[in-house]
Amino acid sequence: MFNHGFTLPLEPGLAAELSRRAHEARGSILTATSASQSGHPGGSMSSIEIYTVLYSCARVRPEEPHWPSRDRIVISHGHTSPGVYSALANAGFFDVAEFEAHFRQAGSPFEGHVERAVAGVEWSTGNLGQGLSAGVGMALGARLSGRSWRTFVVMSDGEQQKGQVAEARRLAVRQNLTDLTVIIDMNGIQISGRTEDVMPVDVAAGFAADGWRVVHVDGHDIKALHSALTDAEGPTCIIANTHIGQGVSFMRDKPEFHGRGLTAEEYMAAMGELGIPPRLIEARNRRALPCAVLPLDHATPAVRLIDSQPASFGSFDNSDNRSAWGAALVDIARANPQLPIAVLDCDLAVSVKTESFAHEFPHSFIQCGVGEHNAATVGGALSTCDVLTFWADFGAFGCDEVYNQQRL
């Protein structure tokens, strides 16, 4: 039985099936990136056991991708989309042949970086470093909405170089997000070469210093991954040691395959080594047809508010816009006691007038500290969880500084 939510031991039969799925996914990764002549096969192959275990075992419903109580799986290094789509297809979300044929094709939902238009994808990505913040937002969403889903965030080792990751680490511990688990694909490779040469980071030490429990596993060992995910308690970071291009000897540990598809000759050799019948011609022929998998409607419905009497300020009232804003937040929360509400702040409560809300509704007030990049992404993710979310900040910070976080 799959989709059990990591509450049962992994029986031998299930472990064998998951291994089979991961193996087949490698063939899909190579077929899709070869058919499109683009994409990122190397990291997809190092992450595929992680994706296979998560999408096959977490509490998700392929037939009901928007099931409210589903576990949230955030993919931070979204360029490994071929691995994500392969694992989702093998878990039953859509036909794998459609993904193999229409990867990175105009009009198809299967873009080069994961998008929420694909069933099973919780967060769209572009540049690296935002996934953990999104996971923090979704974990907060579970708490504030009274639900019990777990949140998993899969990340690359290269993106640990970004400062926003540290902002998110600290907020997760500050909020004691016990149902948040991070899995880092530690393959040691990024675009420019080996991570230790580009910008060395002691990933384990960083997480541990901020109060996370850190676990090391073989990232290609299905049983070890499942066990680590099952045993995760409190904010946990699972460092999965992997190899880029795992499964194909001439791709293994080679930086060039981070973002390069295979030639026709390399494809045949790789599929032969995997023992999987090649299907590149079939995929390219199918590519001439419209994609049968339609984009998923992922718009978050607007929350329903109970009408409240708005505060009125006359021309002779000694007040200001900021104070009116703070008073309005309190009024909304008072009038809607059953509605999950969150107000995020970046150490500016006195200036942006959210201190009254913080005093009256402390469990709904999220102090992010001086970390606008993290706050913007946390707020965005939180708003997808049926939580009415506000973020008060100075305009120069909340618009200019975090444009890309708002974009995603």
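Here we summarise the structure given alongside this text. None of the values given here were measured: they were computed from a predicted structure.

**Points about the packing of aromatic side chains**
Aromatic ring pairs are described here by two measures, namely the spacing of the ring centres and the angle between the planes. Enumeration according to the criterion identifies twelve aromatic pairs in this entry. Between F99 and F103 the ring centres are 5.8 Å apart and the planes differ by 75 degrees, which places this aromatic pair in the edge-to-face class. The buried category is assigned to F99, whose relative accessible area is 0%. Through pairs of rings, three or more aromatic residues link up here, namely Y85, F94, F99, F103 and F110. Over the ring of W67 we find R61; its NZ or CZ atom is 3.8 Å from the centre of that ring. We note R169 situated over the ring of F207; from NZ or CZ to the ring centre the distance is 5.1 Å.

**Description of helix α3 (residues 81-90)**
Within α3, nine of the ten residues are buried, which leaves the element mostly enclosed by the surrounding structure. Taken together, the buried positions of α3 are occupied by S81, P82, G83, V84, Y85, S86, A87, L88 and A89. Of the surrounding elements, those touching the buried residues of α3 are α1 (12-36), α2 (41-57), β1 (72-75) and α4 (96-102). Looking one or two residues past α3, G92 carries a phi angle of roughly 100 degrees, positive in sign.

**A few points about the pairing of β1**
Of the two faces of β1, both are covered, the one formed by R72 and V74 as well as the one formed by I73 and I75. With four bridges connecting them, β1 and strand β2 (residues 151-156) associate as parallel partners. Along β2, the bridge assignment pairs V74 with V153.

**Observations concerning a nonpolar patch on the surface**
Taken together, the side chains of V198, M199 and V201 define a hydrophobic patch exposed on the protein surface, amounting to about 230 Å² of accessible area. Following the sequence through the fold, M199 ends up in the loop between α7 (195-198) and α8 (203-209). What makes M199 partly exposed here is its relative accessible area of 47%.

**With respect to the sheet that holds strand β10 (residues 388-392)**
Taken together, three strands build an open sheet; the order of strands is β9-β8-β10 and the sheet is parallel. Each edge of the open sheet is held by one strand with a lone partner, namely β9 (365-367) and β10. Between one strand axis and the next, the sheet turns by 20 degrees as a mean value, whatever way the strands run. Both strand β8 (residues 341-345) and β9 contribute to a ladder of three bridges, which runs parallel. When the bridges of β9 are listed, V343 appears paired with F365.

Cut-offs and rules
- Residues numbered from 1 in each chain as written.
- Predicted model: local features only at pLDDT ≥ 70, side-chain atom pairs only at ≥ 80, totals over all residues.
- Heavy atoms only, no water.
- Phe/Tyr/Trp six-rings, centres within 6.5 Å; stacked < 30°, edge-to-face > 60°.
- Buried < 20%, exposed > 50% of the residue type's maximum accessible area, 1.4 Å probe, protein only.
- Lys NZ or Arg CZ within 6 Å of the ring centre and 35° of its normal.
- Helix = DSSP H or I, 4+ residues; strand = E, 2+ residues; numbered from the N terminus.
- Contact = heavy atoms within 4.5 Å.
- Pairing = 2+ DSSP bridges.
- Patch = residues over 30% accessible without salt bridge, like charges linked within 9 Å, V, L, I, M, F, W, Y side chains within 5 Å.
- Areas by Shrake-Rupley, 256 points an atom, 1.4 Å probe, with all protein chains shown as cover.
- Salt bridge = Lys/Arg side-chain N within 4 Å of Asp/Glu carboxyl O.
- Axes fitted to C-alpha atoms, helices over the stretch in contact; angles between N-to-C directions.

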